[in-house]
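Structural characterization, general
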Amino acid sequence: MSKNDTKTKLAPDLEISKIVTGLWQIADMERDGKSLDLDRSAQHMKGYTDAGLTTFDMADHYGSAEDIAGIFTTKVAKDDNVQLLTKWVPEPGKNDKETVRAAIQRSLDRLQTDSIDLLQYHAWNYADPSYLDDLFHLQELQDEGLIRHLGLTNFDTAHLDIVLETGIKVVSNQVCFSLLDQRAAQGMTKLCEEKGVKILAFGTLAGGFLTEKWLDKSEPKGDNLTTWSQMKYKRYIDEAGGWQKFQHLLQALKQKADEHHVSMANIASRYILDQPAVGAVIIGAR
């Protein structure tokens, strides 16, 4: 990529890296109840910004990810241009505005900032229309300056359309999109192109399965699946046709990677980046 190809404008005043560093793995590493060393973890983020990867994606429930990101921007990378994307994933049910405000303020405090660059909202149950109330409350907090821009996460096409038709301005929808999972390539892409919404694609490497590590390897089971991501994406592989068909995909991916003298991960990620409406791919840090 040239320098001009490494950034995406989600809005006139918000430019992010096309390769976003995902901090989901922090929750995975802390699942035994032990917290990471916050200051040391923040120091490790510096390598990403030094390489030009200035955007980080996290959520209120990704362990201490927000705390680490806040330390990074205030103590380690104070002069760097860093974008912090986070999510609010509320408990199912109705929330009043003060509950929404408290949730956003908690993220602001952890991130040590006055305004969240991109707040992405997740809804559990579309049959309960109170998710729209949450979004209206978030929009009001955006008007107050606590949030710069609103996005969605894991919204399907029909309900993204409903949100947009209500007049709620969202700039992105974060969904799973990979060589293994092409659901976003149809109606979601069409709607996002029509409405000017960018797709932020996660799962592009399927938890590491779309890499050399799993080429020509026997099918992993049980204890061989050591991370939440592996457990999750192994189910995707099973649903897509099983391990043998997956190996055919890896072989084709390897052939294309060899042609271009790059890794399989490069090809898998670039393929998704090149899809219409995709603004960035999210690659998990470990």
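Residues numbered from 1 in each chain as written. Predicted model: local features only at pLDDT ≥ 70, side-chain atom pairs only at ≥ 80, totals over all residues. Heavy atoms only, no water.

1. Quick word on the sheet that holds strand β6 (residues 116–121)
As summarised here, the arrangement of the 8 strands in space is β3-β4-β5-β6-β7-β8-β9-β10, forming a closed barrel in which the pairing is parallel. Averaged over all pairs of adjacent strands, the angle between their axes in this sheet comes to 30°, without regard to strand direction. In this sheet, strand β10 (residues 278–284) lies alongside strand β9 (residues 198–202) in parallel orientation, the contact comprising 3 bridges. Considered in β10, the bridge of Ile199 is made with Val278. (Pairing = 2+ DSSP bridges. Helix = DSSP H or I, 4+ residues; strand = E, 2+ residues; numbered from the N terminus. Axes fitted to C-alpha atoms, helices over the stretch in contact; angles between N-to-C directions.)

2. Regarding unusual backbone geometry
Notably, Gln112 is not glycine yet its phi reads approximately 55°, a positive angle. Positionally, Gln112 belongs in the loop between α5 (97–111) and β6. The exposure class of Gln112 is partly exposed, given its relative accessible area of 42%. We note that His261 has phi near 60°; this positive angle belongs to a residue other than glycine. The topology assignment puts His261 in the loop between α10 (243–260) and α11 (264–273). (Buried < 20%, exposed > 50% of the residue type's maximum accessible area, 1.4 Å probe, protein only.)

3. Points about the pairing of strand β5 (residues 83–88)
Along β5, 6 of the 6 residues are buried, which leaves the element largely enclosed by surrounding structure. Neither face of β5 is exposed, since Gln83, Leu85 and Lys87 on one face and Leu84, Thr86 and Trp88 on the opposite face are all buried. By the bridge criterion, 3 bridges tie strand β4 (residues 55–57) to β5 in an arrangement that is parallel. The residue of β5 that forms the bridge with Asp57 is Leu85. Two strands pair when backbone bridges link them, and β5 and β6 are joined in this way by 4 bridges, in the parallel orientation. Counterpart to Leu85 in the pairing with β6 is Leu118.

4. A closer look at the packing of helix α4 (residues 65–76) against α5
α5 packs onto α4 with a crossing angle of 45° between their chain directions and a minimal axis gap of 6 Å. In terms of orientation, α4 and α5 fall into the oblique class. Residues Glu66, Asp67, Ala69, Gly70 and Thr73 of α4 touch α5, and the partners they reach there are Ser107, Arg110 and Leu111. Of the residues that constitute the contact of α4 with α5, the class distribution is 2 nonpolar, 3 polar and 3 charged. (Parallel < 35°, antiparallel > 145°, perpendicular 65-115°, else oblique. Contact = heavy atoms within 4.5 Å. Nonpolar A, V, L, I, M, F, W, Y, C, P; charged D, E, K, R; others polar.)

5. A look at helix α6 (residues 130–144)
Counting along an α-helix, one turn takes 3.6 residues, and residues three or four places apart therefore face a common direction. Here α6 spans 21 Å end to end across 15 residues, near enough to the 21 Å set by a 1.5 Å rise per residue. Among the residues making up α6, those that are buried are Ser130, Tyr131, Leu132, Asp134, Leu135, His137, Leu138, Gln139, Leu141 and Gln142. Taken together, the buried residues of α6 touch β5, α5, β6, β7 (147–153) and α7 (157–165). In the segment just after α6, Gly145 is the residue with positive phi, at about 100°. (Expected span 1.5 Å × (residues − 1).)

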